[in-house]
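Descriptive structure summary
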Amino acid sequence: MGESRRVTAVLGPTNTGKTHYAIERMLAHRTGVIGLPLRLLAREVYDRIVAQRGPSVVALVTGEERIVPDRAQYWVCTVEAMPLEIGADFVAIDEIQMCADPERGHVFTDRLLRARGLHETLFLGAETMRQVIAHLVPGVTFLKRDRFSELTYTGSKKISRMPPRSAIVGFSVDNVYAIAELIRRQKGGCAVVMGALSPRTRNAQVELYQNGDVDFLVATDAIGMGLNLDIKHVAFSASAKFDGRRMRALYPQELAQIAGRAGRHTENGTFGVTGEARPFDEEIVSAIEDHKFTPVRKLMWRNAQMEFGTAEKLIRSLEAPTDNEWLSRARDADDVLALKALVQLPEVADKLTGPKRVQLLWDVCRIPDFRGISSTEHVTLLARIFEFLVGRGLGGGRVPADWLGKAVKRIDRTDGDIDAISKRLAFIRTWTYVAQRKGWVDDESHWRGETRAVEDRLSDALHDRLTQRFVDRRTSVLLRRLKQKETLVAEVNDKGEVTVEGEFVGRLEGFRFRQDASSSSDEARVMRQAAVQALRPEFHLRADRFYNAPDTEMDFTEQGGLMWGTTAVGKLVKGGDIMRPVVEAFVDDEAGEEAAEKVRRRLQHFIDRKVAALFEPLTVMSKDESLQGLARGFAFRLVEGLGVLPREGIANEVKELDQESRGALRKHGVRFGQFTIFLPVLLKPAPTRLRLVLWSLWNDLSEFPESPPPGLVTIPNVAEVPKQHYTLAGYHPAGVRAIRIDMLERLADILRQKDSRAGFEATPDMLSITGMTLEQFSDLMGGLGYKGEKGEREKVKAAPTPAPVDPNLPQNPIPEEISVLAPSSDDAEPAAPEMEVFYTFTWAPKPRFQRPERGPRPQQGEKRERPQGDRPQGDRAKGDRPKGDRPKAEGAPAERREGKGGKPHGKKGGKPDRNDKPRNFEARPPRPEKPIDPDNPFAALMALKGKV
C-alpha cells in the first residue's frame, strides 16, 4: 500500500483523544467520511465539526436523520449509513472493536475490510484489535495512545453516598428509572441517558448534567461509546445484561469501555459498584486499571457480495460461510430474519418477479424494528410497505401520502407519561427512516421535515417528563449557586411563601418557617440556610405588625392554641393561678430574642384582657371587701370553679350561709339553684369556651373537652365523658341527655309547684323549656329522680264554637239531594275515640340505707333531726327565701310525718293555712280519720275542737 493510501489503526483505552485526533485528521483533508457506532455520538461529532467549518459543508447521515447540504465535504454517519461510493479523501471508523459484537459486528467488519479513503484511513478502537487488524489489513500502521488520566477501583458504595459528578450505569430501562427515582429522592435529581433516546432528548439531558443543574447521571452502556462527559466516578448497578438473546456477564473489556468514561483529559477517575452488584474480582479490577485484556480472536462477518436474482439466492448469499480463520459468520440479524419471514408470505412471494423487486424487498427488510412490539407485527408492517413500493411497475410505487399522514398524525401527541412518549418516539423513527429512503415517498423533503418536527416535539416532551420526574429543579438551582459561591436571593410574598432564586422552598406560618418536606437531607440544610437570609428581616417586620394588631385579629382555640388570623402563633400553658395562664410563643430561633419577646408579650396581653373581660364578675366578686366570713370563702370557691359549682358537692357550705351572706352574693349575680350554684352571665358561649380551656390547663389535661355548639338546650349524655366536663360546659346530665343549667333551674321552679308525691303530668311549659318530646322528657325526669308512669286515655277535644247567626239573613234550606226521611246521622255507628299518651311523675329518690330502729323520743327543748330525701332542695336554707317567693303546693297534705323522705312545703314544721279547706284528690282516696285515744292528754282539747 502506497503512502498516498495509508491505513492507520489508532488503538488505546478510553480518554486517549482518539476521536478528537480523527476529527483533526479529517479536517486536514478536502473531503472525509467518519463512521460512528451510535446515532447520539454521530450528532455530537457533527455539532463539533459544524462549529468549526459551518453547516454548509457538513453532512449528517443516520438511519433516521439525513442532513446533506449541496456542497457537503465532510460526512458524519453511523457505520451502517456510511456512503462508500463517494470516494472521500479520508475515511475513519470509530470503536472498531465492535467488529466482535454479535448483533452489529458484521457491519463493522465489512467497513474494516472494504472502507478506504483515497489518501488516509483510520481505525479507532481498543488495543485488543491489534492482532486481528494486522492479519486482515495489509500494510496497516499502528499508533498506540495512552490514557491521559488514571483509573482506580473504589469498591462498593451506596447510592446515598455516591460522590457528585457520578454516573450510575444500568442495563435495562426499568433499572435506569428505578435508580433515577432513588437519586431524585436522596440527591435532588439526575439526568438520564439511554441509547433509545433521540439525539435532541439526549442532548437536553446531557446539558442538565454538564451545566451543573444536576450532579448525577443515570445511563445505559450507551455512555461507553464515545460520549465525552465530565464524569469523575462510574458505578455499575449490575454486571450482566441481556444481549438480545440471553442474559450474560459483561466482558472485562466491556466493563473497561464504560468505566473509562470516568476522568476527563488529565483528571483521574474512579469506578466501582453499587446497589445489588457484586464487587469485581481482583483480576477484572487489574485488567481495567492496567488496560490489559484478551485479544480479539474472531470477528463477526456476513457476505457482502449478495445475489438478487431470486429471494432464495439472496438468502443463500447472506448465509455464505467464510474460510478465513479470523472471521466467523454472524448469526442471522433482524434484517435476515425479516427476509426469511416475508418470502414465506404468498402475497409477497408472488410479487418477487425479478432482481429489482428482490433488491427492493431487501431494502425494506433493512428497516430496523424500532417499535419492538413483536416480530410478527414488524413483518406485517414491512409487507405493507413492500406492497406500496412495488406498485404496478418494477419498484415504481410510493408509500401513499394519506396513509403515511394518518400514521404520523396518530403519533403526533405529546400527552402521556415517559413510557407513552418513548413508545411514540420509537414509532416515529420508523417513518423517519422511510422518509429518508430515496424514492419511497412523494415530496421527500416535506415528509422528512414533517417526521423530524414530530420527533422534535416528542423529544422535547420526553425531556420535560424526564426532568419533571427525575430532577428537582429547586435543588439543582440551589446546589449550582452554592458551588459557584454566589449569594442566594430569597423572598417572602404576601402569602407567606418563601422562594430562593425563584424556587419555592417553604412557607412562613406566623413566626415559624415550614420547610418543604419533599427535599432531601442535604438539600434541606441548604434551603434553610438560604431562606434564613430573607426571613431575618421578615421576622422583625411581622413582630412589629403583630404587636400593633388589635385583639380582634387574635383568638384562642379549644385546645389552648393561640391564633393570629388562621395562623398558630403560640399556646397557653399552666400558670400560677387558674385565671392567669402563661403564654408560650411559636417563634423560630432565627427570628432572634427581641422578636420572640415581642410576640410573647403581645400574646400575654391578649389572653389577660380576654380573661378579664369574660370573667369580670368573678374578678369583681373576689375583690369585694364587703364579703366577709363564709360569704368570702364561698366567693373564692366560685372563682376556683370559674363561676359554676355543682350543689351536691357543697351542700353543707350552702346550708351554712345565712340570708345576709346569700344576699351579698346575689348582688354579684350568683344564683343558688337546686342543682347548681352559678353566675348566669358566665354560661354564655364565650365564657364557657374559655372556662373549659382554663380548667383543662389547670388540671394538666392532654386533651381538652370542647364546648357544645351555642343555642342547644340539651346535648347527648355520653357515658365516657366525666360529669364535671358537662358542668363546666354549663349542662347537667340527666338520662340520655344533658340539659342546660339555667333551663334546668327554670324547670325546677315549675316542678316545685307540683305535688310530687301525689303525682303530676307534664305541662306544655315543661316541654317547651326543654324542647323535648313527651318520651324524651320522661327520660330526663328519670335522670332528675322522678318516676314516670305511662298511661293512655281518650283525648278530649275542645267543643267547636258555633258560628254566629245573622237574623237578617234567611236560614239555609235543606238541600234537595238530602231526603228528610233519611235516617239521622246520630243513628250511625260512632267513630273510635282518639287516644293520647300521658305520663304521671312522682318523686322517686334513690334507695337509701335502711334506717336503724327509732330511739327514744327527744325531751322537750331538744331539736329533732329530720332525714332528707335525695331530691335537691334548691334555696331551702332557713330564712333564705322571702315570703311569697314560692306558691304553696296545691293538694299538699295538712301534716308531714317526720322521717319520711319527700318534698317539704312551707316552713319547716309549719301548719297549713287555716283558711284552706280540705281537698279531695282522685289519685288516691281521702285518708280515714283515726279514733281519738282517750288516754291522750290532748284528747280533751281535741274534743273542744270546733266548739270554741
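Relevant structure appears above.
The rules behind these values
- Residues numbered from 1 in each chain as written.
- Predicted model: local features only at pLDDT ≥ 70, side-chain atom pairs only at ≥ 80, totals over all residues.
- Heavy atoms only, no water.
- Buried < 20%, exposed > 50% of the residue type's maximum accessible area, 1.4 Å probe, protein only.
- Helix = DSSP H or I, 4+ residues; strand = E, 2+ residues; numbered from the N terminus.
- Pairing = 2+ DSSP bridges.
- Axes fitted to C-alpha atoms, helices over the stretch in contact; angles between N-to-C directions.
- Contact = heavy atoms within 4.5 Å.
- Salt bridge = Lys/Arg side-chain N within 4 Å of Asp/Glu carboxyl O.

**Comments concerning the pairing of strand 1 (residues 6–11)**
In terms of residue burial, strand 1 counts as a mostly covered element, since five of its six residues are buried. Here strand 1 runs beside strand 7 (residues 120–125); their pairing, made up of six bridges, is parallel. Counted as the bridge partner of V7 is T121 from strand 7. In terms of strand pairing, strand 1 meets strand 8 (residues 141–144) through four bridges, oriented parallel. When the bridges of strand 8 are listed, L11 appears paired with K144.

**A closer look at the sheet that holds strand 32 (residues 737–740)**
Ordered by their spatial adjacency, three strands build an open sheet running 30-32-31, and the pairing between neighbours is antiparallel. Edge positions in the open sheet fall to strand 30 (714–716) and strand 31 (731–734), since each of these has one partner strand only. On average, adjacent strands in this sheet sit at an angle of 30° to one another, irrespective of strand direction. Note: strand 31 against strand 32, four bridges, orientation antiparallel. Following the sheet pairing, Y731 is matched in strand 32 by R740. Docked against the sheet, helix 26 (residues 741–751) engages strand 31 and strand 32, running at close to 85° with respect to strand 32.

**A short note on the pattern of salt bridges**
This structure, assessed with the given rule, holds 47 salt bridges. Notably, a salt bridge pairs D110 with R111, separated by 2.5 Å at the nearest N-O pair. You'll find D110 and R111 in the same group, each marked buried. Its salt-bridge partner being R165, residue D215 comes within 3.1 Å of it at the nearest N-O pair. On the criterion of sequence distance, the pair formed by D215 in the loop between helix 6 (199–210) and strand 12 (216–219) and R165 in the loop between strand 9 (151–156) and strand 10 (166–169) is long-range, its members being 50 residues apart. What you see here is one network of salt bridges that share partners, running through R43, D47, E65, R200, R452, D456 and D460.

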